[in-house]
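Read off the chains here:
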Amino acid sequence: MTNHWVDFKNSDVILIMGSNPASNHPVSWKWIQEAVSTRNAKIICVDPRFTQSASKAHLYAPLRSGTDIAFLGGMIRYILENKLYFEEYIRHYTNATFLVNPALKLPGDNKGVFSGFTNGKYEKDTWSYQTDGAGVIRKDPTMKHPNCVFQLLKKHYSRYTPELVSKICGTPVDKLLEVYKLYGSTGKPDRAGVDLYAMGWTQHTVGTQNIRTMCIIQLLLGNMGIAGGGVAAMRGESNVQGSTDHGLLFHIWPGYLGTPTASLPTLKAYNEKRTPKTKEKNSLNWWKNFPKYSASFLRSMYGMNMGLEEAYAALPKLDDGANYSWLQIFDDMYKGKFTGFFAWGMNPACSGAHSNKVRQALTKVDWLVNVNLFDNETGSFWRGPGMDPAKIKTEVFMLPCAASIEKEGSIANSGRLQQWRYKAVNPPEEALPDGDIMSEIFFKVKELYEKKGGPNKEALTKLTWPYGKMAGKHFHYDPRKVAAEINGFFLADKKVENPTKKGEFKEFKKGDLVPTFAWLQDDGSTSSGCWVYCGSVTPDKGILPMRRDTADPTGLGLTPGWAWSWPVNRRIIYNGASVDLNGNPWDPSRAVIKWNGEKWTGDVPDGAGDPGKGRPPFIMKPDGVASLYGPGLADGPFPEHYEPLECPIEKNLLSPQKNNPAIKRFDKKGVGSDLDVYSGVTSCDPRFPFICSTYRVSEHWQTGVLTRWCPWLAEMQPGMFVEVGTDLAKEKGIKNGDKCIVSSARGEVECTAIVTPRFKPFNIDGNMIHEIGIPWHFGWITTKDRTYNPGDKKAEVFTHGDSANLLVPTIGDANTMIPESKAFMANVVKKGVK
Amino acid sequence: MNVSRRGFLKLSGAVAAVSGLGISLKPAAAHAKELKIKYAKETTTVCPYCSVGCSIIVSVRDGKVVNTEGDPDSPINKGSLCSKGGSIYQMAVNENRLGKPLYRAPFATEWKEVEWEWAFEKIAENVKKSRDASFKKTNAKGELVNRTEGIASVGSAAMDLEECFTYQKFLRGLGLVYIEHQARI
């Protein structure tokens, strides 16, 4: 999230698209309602289903799942045609003026793909900028040059007419125009608009580009960096922001440092390659500091036990261009590539796309370690539906861990706010905090390597681990020590020049906490586990995420003394774009930052240099401005509408290119497995005629791994259901409460029918197309009719039904490989009916 | 932690109001009823479910959670909670929580309770065996990769930040590259 939850109250128009906060982030509604009550804000909801959020919206527009880019592309066209954009903002703070390589071809002139598409991927040389002799990007401040970004944007989205968009999305033209007009009204300096999205945008083959389209709109309207603006990624887990910040993904080290690849043999080569360079003279290019962060991370791993180059060499490298992400893991596992697997605080047997493939894959590993609070479908996969334990070799360890109130530590919410949690009680019986468990395993493995040796053993044995002490038989993990490690230390006495005041020096002693990441060093004299969190622990005030000061000096809800947010306690990132070139807020009534003649007041300024010095505010971009044109992505510099892989229509009404050309198909020869099947790819498949989307309900969380075991919640939402529109139910002879079977090319799941007007058929180019929806919180372990052995835990309130992910295809977004759970093809029939 | 005086007064008021509305006791009996958080020790926590970050007060007496409710001091939730956040009590007070390490031997049809020490040792042996057998110093091109290809890990956004850092440290120290979690799905 660029802003934070309380900031919703500062918005004038709140676009809920790709999410359903009333159900899934219920308390956020407090701030949406506050905007309505105090500012007369308007809520727009765009969703295939008339959700709880839709029921509270002033304006609801239905759209067919998987057509968000068409819908929003139409909005871009409307904003440009009607000159609703914030011209001064885009001229100075975006790349609208940049001139692009004249060889670039847009999809409208190139059969639906951008130039450079060969052998299933893009060569991006025609996507480049024009530069002068000194390497500076050529620009046209009038934004009239036919090759400037602004004109290319206009040209690209000129194809997205309301009539065509309506045919693709199934949204009536008048609704489209109503949404475009209302949201477009936020392009004025004194109006703010925000989009709230969640998995409704990410879980598509065009997921990244869905979000890009909204970013383009927010930039055109000058909504980035301001109070009540931004793009709100509402995350699905309490700490998924934090776990991502800390690099629990194959492609990033903590702090968004790209994992090293094999072609970069030394730290020097890695830094050289990954540190962006710019010829734009006023650009701060913050990532120029990359070598300080990589060196400090390496020190947080090995301390002084290894030199920096040695530490870099010891750590694992990816093959260049290879993907090691979720879908790939389970594909490789299914093919027998792994002997061991940790499913730590996760339940992939229900959360993984094509759960049958995941469950089969688990039978192929020699050992599985599953750490969780309750018995679950992953730890117990060997006795799940269709499994014969006598034939399954997998050795399983199911380790009981402490719940959030049984240990201490911090989590980061979607607003990047890191809050501390305290221990209230001991965990039940012998259950242990995750930190204790992983430390114990680490010490045991380390001991084995110290005794018996093994390949590259120093990479493991030289890790530093000063994170607690022995208490009785067990290691007691101390999160406060780790919080300090993440912040970082000086590892040697050092005199350092103040990064913000030339000529002023400060002396640090070995062991001192590093004040902020601006003080981190590239020579190995500092450590920091995750540079964006540097500044969260201080010598005088301790762990800042523990703070509980509710004062709100600006009245905007920034509450700078409540906990701590990264980076450097900044509550609204990109806030340097909330002021004009002279440092005056675009909207003085909502000033996030303000120049008082000597210094900035308000929020911690982001990218704002001294007014009048011309520094562009988007300092994390090498050229200092935000990207209307984004040549870095795998599937195009502008978002283009493509159909979901499984879709209900024969062709893309916009171009001859039906699907995102850059996706990885697991059904291709030599790629996936026999289980990777899709329906309706080349032409519509009558066996699976309906669009299906998964979603959540308030009462459960994720796979229900915790909530299904809580009787209050299980009583309120007791099992799998399918929402079927009234017309479709009539056609299929389904009544409310009937047991139904929902099936896809990959599996089936039993559901109770909810016949509802919340789903209405879509008119797609003259065809009536139905969509159905299913929640994904259920699993067989908490059902009544499974086999129970003596000693098995038995839910106090049973739930019924299994995982919605049994139906979801193994196809991912072209950039992130997040599975397309929000738009696939399915069938629904009354149970017992063929 | 300290709940502020102001916060505590607001909080007690809220509790009394809820009791008055939700329980049909005669006025005299209601008057005589003691607050369930009397003599309880309070700590704050943050909801483990969605990403809003609602603050919750946990009341503990004699080592048992006796009550959980929204923290009125939080500028985010100001005391409100949704159905999930309001049920945190049942996460701690729940007979179905796993309390002992469980082990399932190859081809076995049942779980067996085991000692932590035994489990840790056996897991460590497995890790070493898998790592040693699948460790690649160099790739097909002969480039240095120092990676363990035979072990994968998923998880977890359900852990604390500090644990996430520590876990990735352990995994990368082992040489894993197949490291993923909830953020990808």
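Residues numbered from 1 in each chain as written. Chains lettered and ligands numbered in written order. Predicted model: local features only at pLDDT ≥ 70, side-chain atom pairs only at ≥ 80, totals over all residues. Heavy atoms only, no water.

1. Re the interface of chain B and chain A
At the interface, 118 residues of chain B touch 173 residues of chain A. Carbon and sulfur atoms supply 63% of the area that chain B and chain A bury against each other, a total of about 12800 Å² over both sides. Linking chain B to chain A there are 10 salt bridges. A salt bridge links R548 of chain A to D73 of chain B, with the nearest nitrogen and oxygen atoms 3.5 Å apart. At the junction of chain B with chain A, the criterion picks out 85 residue pairs in polar contact (both at pLDDT 80 or more). (Contact = heavy atoms within 4.5 Å. Buried area = accessible area lost by both parts, 1.4 Å probe. Salt bridge = Lys/Arg side-chain N within 4 Å of Asp/Glu carboxyl O. Polar contact = N/O pair within 3.5 Å; in protein donor to acceptor, adjacent residues only side chain to side chain.)

2. What about the packing of aromatic side chains?
All names here are of chain A. Scanning all chains against the criterion turns up 61 aromatic pairs over all chains. Ring centres of Y574 and F618 lie 5.2 Å apart, and the angle between their planes is 40 degrees; this geometry places the pair in the tilted category. A residue pair is termed long-range when its members are at least 10 positions apart, and Y574 in the loop between β21 (564-565) and β22 (593-595) and F618 in the loop between β23 (600-602) and β24 (690-695) qualify at 44 residues. On the basis of relative accessible area, Y574 is assigned to the partly exposed category, the value being 26%. (Phe/Tyr/Trp six-rings, centres within 6.5 Å; stacked < 30°, edge-to-face > 60°. Helix = DSSP H or I, 4+ residues; strand = E, 2+ residues; numbered from the N terminus. Buried < 20%, exposed > 50% of the residue type's maximum accessible area, 1.4 Å probe, protein only.)

3. Here's the deal with the packing of helix α4 (residues 68-81) of chain A against helix α10 (residues 207-220) of chain A
Residue and element names in this part refer to chain A. Packing of α4 against α10 brings their axes to within 9 Å, and their N-to-C directions diverge by 15 degrees. The angle between α4 and α10 places the two elements in the roughly parallel class. The way α4 lies across α10 gives a crossing that is left-handed. Between α4 and α10, the contacting residues are D68, I69, L72, G73, M75, I76, I79 and L80 on the first element and Q209, N210, T213, M214, I216, I217 and L220 on the second. Its residues assigned to classes, the contact of α4 with α10 shows 10 nonpolar, 4 polar and 1 charged. (Axes fitted to C-alpha atoms, helices over the stretch in contact; angles between N-to-C directions. Parallel < 35°, antiparallel > 145°, perpendicular 65-115°, else oblique. Left-handed = near helix turned anticlockwise from the far one by under 90°. Nonpolar A, V, L, I, M, F, W, Y, C, P; charged D, E, K, R; others polar.)

4. Re helix α18 (residues 434-452) of chain A
A rise of 1.5 Å per residue sets the reference length of α18 of chain A, with its 19 residues, at 27 Å; its end C-alpha atoms lie 27 Å apart and thus fit the reference within 8%. With its phi angle positive at about 75 degrees, G453 of chain A sits one or two positions after the end of α18 of chain A. (Expected span 1.5 Å × (residues − 1).)

5. So, the sheet that holds strand β14 (residues 417-421) of chain A
Residue and element names in this part refer to chain A. An order of β13-β14-β21 is seen for the 3 strands of this open sheet, with the pairing classed as antiparallel. Strands at the two margins of the open sheet, each flanked by one partner only, are β13 (409-412) and β21. Inspection of the sheet shows β13 paired to β14 by 4 bridges, in the antiparallel sense. What sits directly across from I411, in β14, is Q419. (Pairing = 2+ DSSP bridges.)

6. Describing the state of the cysteines
As enumerated under the stated definition, the model contains 0 disulfides over all chains in all. Not engaged in a disulfide, the cysteine C692 of chain A finds its nearest cysteine sulfur in C751 of chain A; these two sulfurs lie 8.2 Å apart. Residue classification places C692 of chain A among the buried positions, given a relative accessible area of 0%. For the unlinked cysteine C50 of chain B, the closest cysteine sulfur is that of C54 of chain B, found at 6.2 Å. Judged by its relative accessible area of 13%, C50 of chain B is buried. (Disulfide = S-S within 2.5 Å.)

None of this, on its own, says anything about what the molecule does.
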